[in-house]
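Structure assessment
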Amino acid sequence: MRKIITTLLILFTLFSCNKQEDVFVIEDLEPVKPIVDFGFKFDNFNVQYDTIQSQDTFERILKKQNLNGKKASEIIKIIKDSFPTSVRFKKPYIALRSKDKYNKLQYLIYQPNRLDYYLVDLTDSIVGFKKSRPLTFKVKTIAGKLNGSLASTLRKENVDASLTKKLMKVYAWSIDFFKLKKGDKFALSYTERYINDTLYDGIDSLRAAYFEYKGEKIYAFPFKQEKNGKTDYYDDQGKALKNFFLKAPLKFINITSHFSKNRFHPVQLEWKAHKGTDYAAPTGTPIMTTASGIVEQAGYTTGNGNFVKVKHDKTYSTQYLHMSKILVKRGQCVKQGETIGKVGSTGLASGPHVCYRFWKNGEQVDALKLKLPNSQPMESRNLGRFKSETRFLKQELDAALATKFKV
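Small disclaimer: the values here were computed from a predicted structure and weren't measured. (Residues numbered from 1 in each chain as written. Predicted model: local features only at pLDDT ≥ 70, side-chain atom pairs only at ≥ 80, totals over all residues. Heavy atoms only, no water.)

**Points about the overall build of the protein chain**
Per the secondary structure count, the protein chain includes 6 helices and 24 strands. Restricting to contacts in the protein chain with at least 6 residues of sequence separation, those with at least 24 account for 61%. (Helix = DSSP H or I, 4+ residues; strand = E, 2+ residues; numbered from the N terminus. Contact = heavy atoms within 4.5 Å.)

This is how it looks when you write it as structure tokens:
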């Protein structure tokens, strides 16, 4: 018995010595940053967030803040000249109340959009005014290769879709985006807007761009020839990117048939000349006039279907065939890029498309092979200033390309 007790004591002692105490480590946590917005430190208030309901008026919102009808009416009367006449459904508003036992409303903030807000100050005398949250701008410069369409490539680079539209507009006169190829290089420099330095608010501007296109290096730099003049885009030699004609009457669509002296007609089943360029698109796609002018013809023929012909000047005319719908009339003035009809398959057409035809001095020619004049050439007196202002931007783009592709 004594041996058993002795053995138990030894075992108890061993286990007691080897047992480790549980240790709890409290990590240093990064302190939570206080919310500072609309010029207020929210930690100093009891904060109530809410949204405008379908039947809400500004007076009704005030009454929800425990203000009686008389007080609410008084506030409305004082601030009516600095506040909107109505509030918008589902837009947010914030009530900032005192932290004491009275929980008294001190400020009311209404946000019609992310940038602007209306503030009612009830701390002293009643004051109401409109303000804007502070904006900051951040420059981004990227480079890459096309892998699919321009839109899908930039989307993979987490670039806002609005920049794609901007680039399409800037390069509409110098690049046929149907012919961009996988592997073509590009570089972009642009500014992004941020509210309160953190909340992304979209693309602010395109600072500069570069595209490889058919072996050419095409830069785009914004420049004003006159101090208060219009901003146009020019290449690195000061040549205007905006030409007299758009490259195509549609956007983002494939060419299915080129200008040809001998092509097999898919409907008539015979070889004949095809004096136009076919752009395939879904029925109803808007068709744009590629330059400003006057509608010379708008009607229907068996071969052309619904069509429009536009006379631009003494030298140039364009025609748009197989429309599902004509949206202009003969004699009407149209501007470059204006929608004049919708894609269809009327007339001798095997599917929905627009056949785009081009006349120069009364003769039908291949629009894709024409070298057309610039509409706003750089004046020689401005070329030196242009070169000086764009030198650094060009260096930024070239550096981005060199870094990306280890050139």
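Text resumes after the structure shown.
**Quick look at a positive patch on the surface**
On the surface, Lys165, Lys166, Lys169, Lys230 and Lys251 cluster together to form a positively charged patch. Here Lys166 is to be found in helix 5 (residues 161–170). (Patch = residues over 30% accessible without salt bridge, like charges linked within 9 Å, V, L, I, M, F, W, Y side chains within 5 Å. Areas by Shrake-Rupley, 256 points an atom, 1.4 Å probe, with all protein chains shown as cover. Salt bridge = Lys/Arg side-chain N within 4 Å of Asp/Glu carboxyl O. Lys, Arg positive; Asp, Glu negative; His and termini not counted. Charge placed at Lys NZ, Arg CZ, Asp CG, Glu CD.)

**A word on the sheet that holds strand 8 (residues 135–145)**
Strand order in the open sheet made by the 5 strands is 8-9-10-11-12, with antiparallel pairing throughout. Each edge of the sheet is formed by a strand with only one pairing partner; in this case those strands are strand 8 and strand 12 (231–234). Between one strand axis and the next, the sheet turns through 25° on average, direction left out of account. Helix 5 contacts strand 9 (185–195), strand 10 (199–213), strand 11 (216–224) and strand 12 of the sheet and is inclined by roughly 40° relative to strand 10. Contacting strand 8, strand 9, strand 10, strand 11 and strand 12, helix 6 (residues 380–405) runs over the sheet at an angle of about 135° to strand 11. (Pairing = 2+ DSSP bridges. Axes fitted to C-alpha atoms, helices over the stretch in contact; angles between N-to-C directions.)

**Here's the deal with the packing of aromatic side chains**
Evaluation of the coordinates by the stated rule reveals 22 aromatic pairs. Seen in terms of ring centroids, Phe45 and Tyr107 are 5.9 Å apart; in terms of plane orientation they differ by 85°. Their pairing is edge-to-face. Residue Phe45 is located in the loop between strand 2 (40–41) and strand 3 (46–51), and its partner Tyr107 is located in strand 5 (residues 105–110); the two are separated by 62 residues in the primary sequence. Classification of Phe45 as buried rests on a relative accessible area of 13%. Overall, Tyr107 belongs to the buried group, its relative accessible area being 14%. Look at Tyr194 and Tyr200: their rings are 5.7 Å apart centre to centre, the planes differ by 65°, and that puts the pair in the edge-to-face class. (Phe/Tyr/Trp six-rings, centres within 6.5 Å; stacked < 30°, edge-to-face > 60°. Buried < 20%, exposed > 50% of the residue type's maximum accessible area, 1.4 Å probe, protein only.)

**Some thoughts on helix 5**
Turning to helix 5, its buried residues are Leu163, Thr164, Leu167, Met168 and Val170. What you see down the axis of helix 5 is that its buried residues fit within an arc of 165°, all on one side. Of the residues in helix 5, the exposed ones pointing more than 90 degrees away from the buried face are Ala161, Lys165 and Lys169. Summarising the contacts, the buried residues of helix 5 are in contact with helix 4 (150–156), strand 9, strand 10, strand 11 and strand 12. Its side-chain oxygen 2.9 Å from the backbone nitrogen of Ser162, Asp160 forms the N-cap of helix 5. (Arc of directions from axis to C-beta. Polar contact = N/O pair within 3.5 Å; in protein donor to acceptor, adjacent residues only side chain to side chain.)

**Description of the nonpolar core**
One finds Tyr279, Ile287, Tyr320, Ile340 and Phe358 to be the most contacted residues of the largest nonpolar core, which totals 26 residues. Looking at this core, the elements with two or more residues in it are strand 19 (305–311), strand 20 (316–326), strand 22 (339–343) and strand 23 (353–360). Within the second largest apolar cluster, 25 residues are counted, among which are Val159, Leu167, Val170 and Ala220. (Core = buried A, V, L, I, M, F, W, Y, C linked by side-chain atoms within 4.5 Å.)

**Brief notes about helix 3 (residues 69–79)**
Owing to its 3.6 residues per turn, the α-helix aligns residues three or four sequence positions apart on the same side. The set of residues buried in helix 3 consists of Ala72, Ile75 and Ile79. Down the axis of helix 3, the smallest arc covering the buried residues is 60°, so these residues share one side. Those residues of helix 3 that are exposed and aimed more than 90 degrees away from the buried face are Lys70 and Lys77. Buried residues in helix 3 make contact with helix 2 (58–64), strand 6 (116–121) and strand 7 (127–132). Capping the start of helix 3 is the job of one residue whose side-chain oxygen sits 3.2 Å from the backbone nitrogen of Lys70: Asn68.

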